[in-house]
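# Breakdown of the fold
Read off the chains here:
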Amino acid sequence: MENGRGYALVTGASKGIGKAIAFDLAGRGWPVMLVARSEALLQQLKAEIEAKHKVAVQVYATDLAQAEAPAQIAAHCRQHSIRIQILINNAGFGVWDPFEKASLAEQESMNALNVSAVVRMCHVFLPLLRQNTEAWIMNVSSLGAYQPLPNMALYGAGKAYVRSFSYALRRELQGS
């Protein structure tokens with residue numbers, strides 16, 4: 001913890017949008033906890049952020065498509081007194097093929113990460129976030145959430161789910 005702030009936990013932090021979000025938050029003085037599958041990429045990003053922004057950085061390598069991963073991350077945070085104040089659910093990937101031709105296993109893995117992991121992370125971390133005076137959740141979706149996407153059917157449907165879930169959760173948490 002720095003300056004009384006808890007950590008911003010960013011999933012999918014090793015590259016792309018997640019990496020950009022982690023750099024932005026660190027630039028604003030937030031300590032960050034980086035979560036993604038690649039330990040090597042996370043360690044490289046940790047060194048870059050620490051050198052540039054002088055904030056505390058924690059890393060946790062895991063596959064969020066695995067159902068137990070969110071609870072394991074939360075247990076790690078409790079065990080190491082890492083107070084999470086911001087949760088950024090950004091991890092995800094897309095399968096670009098006609099539905100019937102795409103591998104069912106790959107599509108199920110995509111849904112596990114793009115949809116189920118978001119739900120699990122929110123459910124597991126809400127009690128921890130509530131321990132703060134202020135806390136935030138950002139679930140990253142996609143423009144694909146706004147229309148059906150032929151050749152990306154489950155990707156678009158999953159992003160629409162995240163968008164709808166996020167709006168509903170925002171309403172439930174209003175005033176808290």
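Just above, that's the structure.
My aim in this report is to walk through the structure given alongside it, one point at a time. This structure is a prediction, so every number in the text was calculated from the model and none was measured.

Together, Leu143, Tyr146 and Tyr167 make up a nonpolar patch on the protein surface, roughly 400 Å² of accessible area in all. Relative to the helices and strands, tyrosine 146 is located in the loop between β5 (136-139) and α5 (153-173). On the basis of relative accessible area, tyrosine 146 is assigned to the exposed category, the value being 51%.

At a closest axis distance of 10 Å, the pairing of helix α1 (residues 16-27) and helix α2 (residues 39-53) adopts a crossing angle of 25°. Classified by the angle their axes make, α1 and α2 are roughly parallel. At the point where α1 passes α2, the crossing takes the right-handed sense. Along its contact with α1, which presents Lys19, Ala22, Phe23, Ala26 and Gly27, the element α2 presents Leu45, Glu48, Ile49, Lys52 and His53. Residues that form the contact of α1 with α2 fall into these classes: 5 nonpolar, 2 polar and 3 charged.

Before going further, it helps to spend a moment on α2. An ideal rise of 1.5 Å per residue puts 21 Å on 15 residues; α2 measures up with 21 Å between its terminal C-alpha atoms. Within α2, the full set of buried residues consists of Leu42, Leu45 and Ile49. What you see down the axis of α2 is that its buried residues fit within an arc of 65°, all on one side. Of the exposed residues in α2, the ones pointing more than 90 degrees away from its buried face are Ala40 and Ala51. Where α2 is buried, its residues meet α1, β2 (32-36) and β3 (57-61). Count one or two residues on from α2 and you reach lysine 54, which has phi positive near 55°.

This paragraph deals with the nonpolar core. Judged by nonpolar contacts, the single largest core of 22 residues is most densely connected at Leu9, Met33, Leu64, Ile73, Ile84 and Phe125. Breaking this core down by element, the ones donating at least two residues are β1 (7-11), β2, α3 (69-79), β4 (84-89) and α4 (104-129). Ranked by the residues each element gives to this core, the list is headed by α4, at 7 residues. In this view, leucine 64 contacts Thr11, Val35, Ala69, Pro70, Ile73, Ala91, Ala112, Leu113, Ala117 and Met121; residues no more than four positions away in its chain are not counted. In this structure, Leu25, Trp30, Val57 and Ile88 belong to the second largest nonpolar core, which totals 20 residues.

Rules used throughout
All residue numbers refer to position in the chain's written sequence, counted from 1. With the structure being a predicted model, the display of local features is reserved for residues of pLDDT at least 70 and the display and counting of side-chain atom pairs for 80 or more, all residues being used for whole-chain, interface and lining totals. To obtain the side-chain values, all non-hydrogen atoms of the structure were included, while hydrogens and water were left out. What makes a patch is a set of residues exposed beyond 30% relative accessible area and free of salt bridges, joined within 9 Å when like-charged and within 5 Å when nonpolar (Val, Leu, Ile, Met, Phe, Trp, Tyr). In this description, accessible areas are obtained by the Shrake-Rupley approach with a 1.4 Å probe, and a residue is regarded as covered only by the protein chains that are shown. Here a salt bridge means any side-chain nitrogen of Lys or Arg lying within 4 Å of a carboxyl oxygen belonging to Asp or Glu. Helix and strand definitions here come from DSSP, where helices need a minimum of 4 consecutive H or I residues and strands a minimum of 2 consecutive E residues; each element is numbered from the N-terminal end. Categorising residues by exposure relies on relative accessible area from a 1.4 Å probe, with only protein chains included: less than 20% of the type maximum marks a residue as buried, more than 50% marks it as exposed, and the intermediate range marks it as partly exposed. For helices, the fitted line uses only the C-alpha atoms of the stretch in contact; every axis is such a line through C-alpha atoms, and the angle between N-to-C directions lies from 0 to 180 degrees. By the definition adopted for this analysis, an angle is roughly parallel if under 35 degrees, roughly antiparallel if over 145, roughly perpendicular if from 65 to 115, and oblique otherwise. Each crossing gets its hand from how the near helix is turned against the far one by less than a right angle, where anticlockwise is left-handed and clockwise is right-handed. Residues are treated as being in contact if the distance between any of their heavy atoms lies within 4.5 Å. Residues are grouped as follows: Ala, Val, Leu, Ile, Met, Phe, Trp, Tyr, Cys and Pro are nonpolar; Asp, Glu, Lys and Arg are charged; all remaining types, including Gly, are polar. An expected span of 1.5 Å times one less than the residue number is assigned to each helix. Directions are taken from the helix axis to each C-beta atom, and the arc is the one they span. Residues belong to a common nonpolar core when they are buried Ala, Val, Leu, Ile, Met, Phe, Trp, Tyr or Cys residues joined through side-chain atoms within 4.5 Å.

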